[in-house]
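Listed below are the residues making up each chain.
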Amino acid sequence: IPGLISKIFVNEGDYVKKGEKLFVLEAMKMENEIHSHIEGIIDKIYYDVGANVNKGDVIMEIKD
């Protein structure tokens, strides 16, 4: 979904569980909470709060 990153709940190096909230993406006046699909460590976050992202952009990487 193209949109704006309005909140990020994790930092690089954080351990996350499957289903944990990662960030909020605002699109079409709706807030969409994006959750982790795997368990692991946040390896890299490519965008900051306030960034516009497009469909297919990699926002963060999680190492399992």
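Structure: see above.
What you see is a predicted model, and the numbers here were worked out from it, not measured in a lab.

**Focus: the sheet that holds strand E1 (residues 3-8)**
Read across the open sheet, the four strands follow the order E4-E3-E1-E6; overall the sheet is antiparallel. Each edge of the sheet is formed by a strand with only one pairing partner; in this case those strands are strand E4 (30-35) and strand E6 (52-53). Sheet topology places strand E3 (residues 21-27) next to E4; six bridges connect them, and they run antiparallel. In the sheet register, Glu26 faces E4, and the bridge partner there is Glu31.

**Concerning the sheet that holds strand E7 (residues 60-63)**
Strand order in this open sheet of three strands is E2-E5-E7, and the pairing throughout is antiparallel. Looking at the sheet topology across the chains shown, the edges are occupied by strand E2 (15-16) and E7.

**Side note on the packing of aromatic side chains**
If you walk through the whole model with that rule in mind, you get zero aromatic pairs. A cation over a ring is seen here: Lys21 above Phe9, with NZ or CZ 4.7 Å from the ring centre.

**Brief notes about unusual backbone geometry**
With a phi close to 55°, Met28 is a non-glycine residue in the positive phi region. Summarising the element assignment, Met28 is placed in the loop between E3 and E4. The phi torsion at Lys29 lies on the positive side, around 65°, for a residue other than glycine. Topologically, Lys29 is positioned in the loop between E3 and E4.

**Some details on the pattern of salt bridges**
Side-chain pairs of opposite charge can arise where the charged atoms are in close proximity. Evaluation of the coordinates by the stated rule reveals three salt bridges. One salt bridge in this structure joins Lys44 and Glu12, with 4.0 Å as the shortest N-O distance. Note that Lys44 is positioned in strand E5 (residues 40-45) and Glu12 in the loop between E1 and E2, a separation of 32 residues in sequence. Of the residues examined, Glu12 reaches a relative accessible area of 43% and is grouped as partly exposed. Lys21 is the salt-bridge partner of Glu33, the closest N and O atoms lying 3.8 Å from each other. One end of the pair, Glu33, is in strand E4; the other, Lys21, is in strand E3, with 12 residues separating them in the sequence.

Definitions and cut-offs
- Residues numbered from 1 in each chain as written.
- Predicted model: local features only at pLDDT ≥ 70, side-chain atom pairs only at ≥ 80, totals over all residues.
- Heavy atoms only, no water.
- Pairing = 2+ DSSP bridges.
- Helix = DSSP H or I, 4+ residues; strand = E, 2+ residues; numbered from the N terminus.
- Phe/Tyr/Trp six-rings, centres within 6.5 Å; stacked < 30°, edge-to-face > 60°.
- Lys NZ or Arg CZ within 6 Å of the ring centre and 35° of its normal.
- Salt bridge = Lys/Arg side-chain N within 4 Å of Asp/Glu carboxyl O.
- Buried < 20%, exposed > 50% of the residue type's maximum accessible area, 1.4 Å probe, protein only.

By themselves, these figures tell us nothing about what the structure is for.
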